[in-house]
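Geometric and topological summary
Each chain, written out:
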Amino acid sequence: MRARFSRSRGLPVLDEETGETIGTISGMVLNPDTGVVEGFFVRAAGFFHRENLFLHSLDILHWGLRLTVRHQDVLSPMEDLVRLQSLIASQRPILGQRMVTESGRVLGRCSDVQFSTRDFRLEWLFPRRFFRLGIPVPASQILEVRREAIVSRDTVLPSKEKQENVSLLPQMPEAV
């Protein structure tokens, strides 16, 4: 299944054992080098309890209208995850980042992403320029994610072919 982050924000996260709601999806962590969704930020349930915990993508058992995880203990504070500290400190986000081509043409800002829920790999980036959506860019076209912009390959537009007078039916001989 494929999911877009904008539609995934706010999905409830359920504990498999008890069936109770642990929290809701509030953000995501994408690895800019590999294009892998490392995990999601989950806003913990509770009226006064508003901390963002981290849910690793490997701990998700089912993705649908709700996310099911093994147990409530898979959620942890971001400070406990040493491996992801360098990823966040590198300040190379994908969501909200400027998107440009190799030649320097500005595509807009990345407003949304699409990813596979089977292997949690980035598939498409959706740029937005002013108030209009741009043409989606496949993740395979991304060359580099820098601090200042996401650089993608230049797209080659097909040239307009000359329209020749091609007759579909052969000409009939004139009757004499």
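Above this text is the structure in question.
This is a predicted model, so every value here is computed, not measured.

This part is about the pairing of strand S2 (residues 12-15). Of the pairings in the sheet, the one linking S2 to strand S3 (residues 21-30) comprises 3 bridges and is antiparallel in character. Looking at the pairing, Pro12 lines up with Thr24 of S3. Hairpin connection of S2 to S3: 5 residues between the antiparallel strands, including Gly19 at a positive phi of 80 degrees. Taken together, the 3 bridges between S2 and strand S7 (residues 67-69) define a ladder with parallel strand orientation. Each residue of the ladder has a partner; that of Val13, found in S7, is Leu67.

Turning our eyes to something else, we now look at the pairing of strand S6 (residues 60-63). As defined by bridge partners, S6 adjoins S7 across 3 bridges and the pair is classed as antiparallel. For Ile60, the partnering residue across the bridge sits in S7 and is Val69. As consecutive antiparallel partners, S6 and S7 are separated by 3 residues.

Before going further, it helps to examine the environment of Thr68. Looking at the element boundaries, Thr68 is found in strand S7. Each C-alpha atom, one on Thr68 and one on Pro12, is 8.6 Å from the other, the two residues being 56 residues apart in sequence. Setting aside its immediate chain neighbours within four residues, Thr68 contacts Leu14, Glu16, Asp59, Ile60, Leu61 and His62.

Counting residues in hydrophobic clusters, the biggest one holds 32 residues, and the most contacted among them are Phe40, Leu55, Trp63, Ile94 and Val113. Secondary structure elements with two or more residues in this core: S3, strand S4 (37-44), strand S5 (52-56), S6, S7, strand S9 (106-116) and strand S10 (122-129). If sequence neighbours within four positions are ignored, Val113 has contacts with Ala3, Arg4, Phe5, Met28, Leu30, Ile94, Leu95, Leu122, Trp124, Leu125 and Phe126. Formed by 5 residues, the second largest nonpolar core is a distinct cluster that contains Val29, Phe54, Leu84 and Leu87.

This part is about the pattern of salt bridges. Applying the stated rule across the entire model yields 6 salt bridges. Its salt-bridge partner being Asp112, residue Arg4 comes within 2.9 Å of it at the nearest N-O pair. Pair noted here: Arg4 is in strand S1 (residues 2-4) and Asp112 is in strand S9, with a separation of 108 residues, a long-range link. Put simply, Arg92 and Asp33 hold a salt bridge, and the shortest N to O gap is 2.7 Å. With Arg92 in the loop between helix H2 (82-89) and strand S8 (98-101) and Asp33 in the loop between S3 and S4, this residue pair connects regions lying 59 residues apart in the sequence.

Each value, and the rule that gives it
- Residues numbered from 1 in each chain as written.
- Predicted model: local features only at pLDDT ≥ 70, side-chain atom pairs only at ≥ 80, totals over all residues.
- Heavy atoms only, no water.
- Pairing = 2+ DSSP bridges.
- Helix = DSSP H or I, 4+ residues; strand = E, 2+ residues; numbered from the N terminus.
- Contact = heavy atoms within 4.5 Å.
- Core = buried A, V, L, I, M, F, W, Y, C linked by side-chain atoms within 4.5 Å.
- Buried < 20%, exposed > 50% of the residue type's maximum accessible area, 1.4 Å probe, protein only.
- Salt bridge = Lys/Arg side-chain N within 4 Å of Asp/Glu carboxyl O.

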